[in-house]
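Fold and geometry: a report
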Amino acid sequence: MNGAKLREKIAFTVLGFVTLLVILPILLILYYVISRGWGAMSWEFLTQNPRNGMKEGGIFPALVGTILLVIGTMAFSLPLGILSAIYLVEYARDNLFTRMIKLSVVNLSGIPSIVYGLFGFTVFVVFLHFGASILAGSLTLAIMSLPVIITSTKEALEAVPMSYREISLSLGATRWQTIRYCVLPYAIPGILTGTVLSLSRAAGETAPILFTVAAFYLPHLPRSVFDQVMALPYHLYVISTQVPNVPEKFSFGTGLVLIALVCLMNVVSIVLRAHFRKKKQW
Amino acid sequence: MVEQDAIIKTLDLNCFYDELQVLRNINLEIYRNEILGIIGPANSGKTTFLRALNRLNSLNINYRQQGVIRFEGQDATQIPDSVLRRKIGIIFAMPQVLPITIYENVAYGPRVHGVKDGQRIDALVMESLQKAYLWDEVKDRLQTSATKLSGGQQQRLCIARTLAVEPDVILYDEPCSGLDPISTARVEDAMQQLSQQYTQILVTNNTKQAARVSHRTAFFLMGELVEVDNTQVLYTNPSDKRTDDYLTGKFG
């Protein structure tokens, strides 16, 4: 074996090892959560209210609450984020003002989530009198998800070749027709990826919902968007630290359900992406 | 063959990118149903002139333009973008097809102009592909992806796509620069046939190509229109020495 081959072998080994190091924590977490939480999994756990000081029963209201919050977040952040990204990429002129907007969008994603929580509490709960409610919580989570949605949509739009736009415009299509038929279809996979990533984060966040929506214990389902709900991440926090003597498998079971929910969202996005790819024959 | 009836007329056309002037005082008439060749070395403003005619230059925010372009006797600035670009189609240098089926590539134009009737679109697709000399090669695989066609076929598909919106003028921006000689000949054949019905402007780096297909030829140099004349006259007896130098290969 000569020197170059040996060096290559060493390089591959090192790279492979580093990759393994990166994946290892994820695998360990999954193993840990599944092995300890699997015991809690049952139809009853998913469909029952918590009972007896949350030491028995299930997580049904928290599960429903989180799903409602994700839907609410999506309802606000998806149209706002995608439309503003379209404006920034396709319509806005490149000047100091738009560059500042783009920069601040990127920087918004670095703001700690508890700050979003405080902002949501002041603006939606107190100032706009929404109270602690699904509406206030969804809006807060939506604002938190916007930067990632805008940034990934922007990148997906910019990745569509300029020539597609020229073809469409040169045939006499209007700007909006061009965006609608010649740009968006090719950007959808990228938009989906960013959106799901962002919504997964929203599903798992505790800080933004702490003051805006999450209920400690609420053994019934909400009747309107102005009601409070329980939510999985906050419920996990509560049963792990605030309530004594909750069986360990309940905490890990709650975590497992949250992970499964996020995985499910990712699977849906993968299926959708494959569907759009096939239709458009990239 | 050529009627002396100008479909496009430019009056003192000046074009700038920021402070850089790329075209100076271009006064040029384009006659109905002629093939006008535009030759000249790189950076002489040929492509900018072409893209000024259907206003594609305005996509570049640094672009400015002075002077008048008349289309069918009307000041072109009075015509909306989508109407003007439909009337004046363009074929780009590199074959640029959308990554959708052959059929959908051709149908795209009519669809954005509001044609909804499926049979009418079918007929337009077939007619356009026939005019572009592509129909026989693709009629059995209209529903396959356009990206699977060869370069020459893709370029003829681009021509068909432009024809499908029923333009009056077709601009070609070095349409054969990426094609082999046989594909080039096919594209040139298509142009010859189309000249009965359409006005065509051909920008090319290949002086022989302009000599083969164009009725009149214009010579651009450093943003100026040096001269324009019947192709035969320009090639055999140019009135400007610079044209002669360029054609005989002294520069460029």
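Parameters and conventions
- Residues numbered from 1 in each chain as written.
- Chains lettered and ligands numbered in written order.
- Predicted model: local features only at pLDDT ≥ 70, side-chain atom pairs only at ≥ 80, totals over all residues.
- Heavy atoms only, no water.
- Helix = DSSP H or I, 4+ residues; strand = E, 2+ residues; numbered from the N terminus.
- Buried < 20%, exposed > 50% of the residue type's maximum accessible area, 1.4 Å probe, protein only.
- Rg over C-alpha atoms; globule rule 2.2 N^0.38 Å.
- Contact = heavy atoms within 4.5 Å.
- Areas by Shrake-Rupley, 256 points an atom, 1.4 Å probe, with all protein chains shown as cover.
- Lys, Arg positive; Asp, Glu negative; His and termini not counted.
- Charge placed at Lys NZ, Arg CZ, Asp CG, Glu CD.
- Core = buried A, V, L, I, M, F, W, Y, C linked by side-chain atoms within 4.5 Å.
- Axes fitted to C-alpha atoms, helices over the stretch in contact; angles between N-to-C directions.
- Nonpolar A, V, L, I, M, F, W, Y, C, P; charged D, E, K, R; others polar.
- Buried area = accessible area lost by both parts, 1.4 Å probe.
- Salt bridge = Lys/Arg side-chain N within 4 Å of Asp/Glu carboxyl O.
- Polar contact = N/O pair within 3.5 Å; in protein donor to acceptor, adjacent residues only side chain to side chain.
- Pairing = 2+ DSSP bridges.
- pLDDT = per-residue confidence, 0-100.

Quick notes on the overall build of chain A
Scanning chain A from N- to C-terminus turns up 11 helices and two strands. Reading chain A from its N end, one meets helices and strands in the order α-α-β-β-α-α-α-α-α-α-α-α-α. On the principal axes, the C-alpha backbone points of chain A span a range of 70 × 70 × 35 Å. Per-residue burial for chain A yields a buried fraction of 43% across its 282 residues.

Remarks on the overall build of chain B
On a plain count of helices and strands, chain B comes out with 10 helices and 10 strands. On C-alpha atoms alone, chain B measures out to a radius of gyration of 18 Å, which is about the 18 Å that the 2.2 N^0.38 rule sets for 252 residues. For chain B, the spread of C-alpha atoms along the three principal axes comes to 55 × 40 × 35 Å. Once local pairs closer than 6 in sequence are excluded, the contacts in chain B between residues at least 24 apart make up 69%. Carbon and sulfur atoms provide 46% of the accessible area of chain B, an area that totals close to 11,000 Å². For chain B, the distance from the average position of its 27 positive side-chain charges to the average position of its 30 negative side-chain charges is 3 Å.

Details of the environment of Lys9 of chain A
Along the chain, Lys9 of chain A turns up in helix H1 (residues 3-37). Distance in space between the C-alpha atoms of Lys9 of chain A and Trp38 of chain A is 41 Å, their sequence separation being 29 residues.

Focus on the nonpolar core
Formed by 53 residues in total, the largest nonpolar core has its most connected members in Ile8 and Phe49 of chain B. Sort the elements by how many residues they give to this core and helix H8 (residues 175-204) of chain A lands first, with seven residues. If you look at the next biggest cluster of nonpolar residues, it comprises 33 residues, including Ile91, Tyr103, Cys176 and Met191 of chain B.

What about the packing of helix H3 (residues 60-91) of chain A against helix H10 (residues 232-242) of chain A?
All names here are of chain A. For the pair H3 and H10, interaxial distance at closest approach is 8 Å and the crossing angle is 145°. Of the residues in H10, those touching H3 at Ala62, Leu63 and Thr66 are Leu232, Pro233 and His235. Its residues placed into classes, the contact of H3 with H10 shows four nonpolar, two polar and no charged.

Concerning the interface of chain A and chain B
As a measure of interface size, the accessible area lost when the parts come together is often cited. Taken together, the contact pairs 19 residues of chain A with 24 residues of chain B. Buried surface at the junction of chain A and chain B, both sides included, amounts to about 2,000 Å², of which 63% is carbon and sulfur. Where chain A packs against chain B, one counts one salt bridge. We note a salt bridge from Glu166 of chain A to Arg51 of chain B, for which the minimum N-O separation is 2.7 Å. Run the count over chain A and chain B and you get four residue pairs in polar contact (both at pLDDT 80 or more).

Overview of the pairing of strand S2 (residues 20-31) of chain B
Residue and element names in this part refer to chain B. One ladder, built from eight bridges, connects strand S1 (residues 6-17) with S2; its direction is antiparallel. Within S2, the position partnered with Ile8 by the bridge is Ile30. Two successive antiparallel strands, S1 and S2, enclose a turn made up of two residues, where Asp18 displays a positive phi of approximately 50°.

Describing the confidence of the model for chain B
For chain B, the mean per-residue pLDDT works out to 90, and 98% of the residues sit at or above 70. For this predicted complex, the interface confidence score (ipTM) comes to 0.88, while the overall pTM stands at 0.83.

Examining the sheet that holds strand S8 (residues 199-203) of chain B
Whenever strands of a sheet pair, they do so through backbone hydrogen bonds, lying parallel or antiparallel. Residues and elements named next belong to chain B. If you trace the six strands from one edge of the open sheet to the other, you get S6-S7-S8-S3-S9-S10, paired in mixed fashion. Edge positions in the sheet fall to strand S6 (88-91) and strand S10 (224-230), since each of these pairs with one other strand and no more. Neighbour-to-neighbour, the strand axes of the sheet open up by a mean angle of 20°, direction not taken into account. Looking at chain direction, strand S9 (residues 216-221) and S10 are connected through six bridges and run antiparallel. Looking across to S10, one finds that Ala218 is bridged to Val228. Contacts from helix H6 (residues 151-163) reach S6 and strand S7 (169-173), with the element oriented near 170° to S6.

Brief notes about the pattern of salt bridges
All names here are of chain A. Throughout the structure, instances matching the rule amount to 22 salt bridges over all chains. In this structure, the salt-bridge partner of Asp94 is Arg99, at a minimum N-O distance of 3.6 Å. Relative accessible area serves as the criterion here: at 46%, Asp94 is assigned to the partly exposed category. The residue Glu205 makes a salt bridge to Arg201 at a minimum N-O spacing of 3.3 Å.

Observations concerning the side chain of Thr66 of chain A
All names here are of chain A. Tracing the backbone through its elements, the reader meets Thr66 in helix H3. Take Thr66: its relative accessible area is 2%, and that puts it in the buried class. Of the polar contacts made by the side chain of Thr66, one reaches the backbone nitrogen of Leu232; its length is 2.8 Å. Excluding anything up to four places from it in sequence, Thr66 contacts Ala203, Met230, Ala231, Leu232, Pro233 and Leu261.

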